[in-house]
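Given next are the chains, with one letter for each unit.
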Amino acid sequence: GTQPLYDPDQYWTGVALSAFGIVYNRDVVKQLGLPEPRTFDDLTDARYGGWIALADPRQSGSIATSLDSILSNAGWEHGWRILREMCANTRYFTNASTKPPIDVSAGEAAAGLAIDFYGRGQSQAVALPGETPQTSRVGYVDPVGSVYIDADPVSILRGGPHPELAKRFIEFCLTEEGQALWQFHARDSAAGRDNPVGADGDRMGPREYELRRAPIRRVMYQEYLRYFVDQSDPFSLASEVAPKGWRSAIGVMMGAFSIDIADEQRSAWRALNRARQDPAFPKNTLAEMERLFYAWPETRMPDGTVLPFTAENCKAIMAAWKKPGMMPETKIAYTRFFSSNYSKIVELSKGR
């Protein structure tokens, strides 16, 4: 994708890859009458209402990265629409990105965003004997072409007591034997008995537990993919769209239009979808409800000018937020704007 795999001066070297995709419960998704999710757009289906688990991007860097990938890949208009509708479908917002995969596996939520090894690790933890990643009740998917994939690096600490040993350890991590530890079946398992033999004459792979991580060396996918627990090649999945620089706006706006007034947004979302499904509902009223739900507040800048929240103005607005006293007043104004719009939507839905 667009992310470096190692530092040009080798201050750090990537040894594994992390993706930011969707973890889901196959049983719950089926009960909701939905197909298994394959794209981020799938999580905006109103039938997911109350069944999506999300972490707060203001407190979770991994979820902020996931949301940034959605926004950058889908573009300003469609990307924000996905984020709004996904938030409207939430059951809760948590401060820890490790919680959604656990709740999804327990059936407390149908789906959520997660780092790949959180989702796959949870799938591994609840899998019954003989189940595969395709049959376990917990599934994980990287939306093709729209998922960010980053390198997880290793470095040598300056001044450490054993620099030569540290160097040899990093070299081992990048050998085929070291890379096989991330994704091969455990050697003690039935599937791991067919693992290929490495240069040292031993079967490659972890001894007892599958780690469900993605190796970073491309040769592993070219030569050994058939031995992987997860038949997934991040080099063919990664987004080719570089971040657009909108990440800092996500926490502020999501806090205002959803997280801090989540119940109000959910009520407006339910009212809007009831109106959408009613063929007799007045079209003009429905159009006004749609406009209110997706509207953006204007921002009063330090010089007194007023800017609409657009892709063109986003960086100027984010810069203004850093001015002394600007952020608290602006957050309050944004939240009041969205809260007022949601109240109007609910009232309009009663006009039928």
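To be clear, the structure that these remarks concern was listed above.
In this text, all values refer to a predicted model and were calculated from it rather than measured experimentally.

Topic: the pairing of strand 5 (residues 138–141)
Side chains Val-138 and Tyr-140 project from strand 5 onto one buried face, and the interleaved Gly-139 and Val-141 project onto a second face that is buried too. Here strand 1 (residues 13–25) runs beside strand 5; their pairing, made up of 4 bridges, is antiparallel. Residue pairing for strand 5: Asn-25 is matched across the bridge by Val-138.

Thoughts on helix 3 (residues 76–88)
Taking 1.5 Å as the rise per residue, helix 3 with 13 residues should run 18 Å; its terminal C-alpha atoms sit 18 Å apart, in good agreement. Counting buried positions along helix 3 gives 10 out of 13 residues, so the element sits mostly inside the fold. Turning to helix 3, its buried residues are Trp-76, Gly-79, Trp-80, Ile-82, Leu-83, Arg-84, Glu-85, Met-86, Cys-87 and Ala-88.

What about the state of the cysteines?
Tallying each qualifying case throughout the model produces 0 disulfides. Here Cys-87 is not cross-linked by a disulfide; its sulfur's nearest cysteine counterpart is in Cys-314, at 16 Å. Residue class for Cys-87 comes out buried when judged on its relative accessible area of 1%.

Structural notes on the environment of Gly-205
Assignment of secondary structure puts Gly-205 in the loop between helix 7 (176–183) and strand 7 (214–215). The class for Gly-205 is buried, based on a relative accessible area of 6%. Discounting chain neighbours no more than four positions away, the residues touching Gly-205 are Ala-180, Leu-181, Phe-184, His-185, Arg-187 and Asn-195.

Reading the values: the criteria
- Residues numbered from 1 in each chain as written.
- Predicted model: local features only at pLDDT ≥ 70, side-chain atom pairs only at ≥ 80, totals over all residues.
- Heavy atoms only, no water.
- Buried < 20%, exposed > 50% of the residue type's maximum accessible area, 1.4 Å probe, protein only.
- Helix = DSSP H or I, 4+ residues; strand = E, 2+ residues; numbered from the N terminus.
- Pairing = 2+ DSSP bridges.
- Expected span 1.5 Å × (residues − 1).
- Disulfide = S-S within 2.5 Å.
- Contact = heavy atoms within 4.5 Å.

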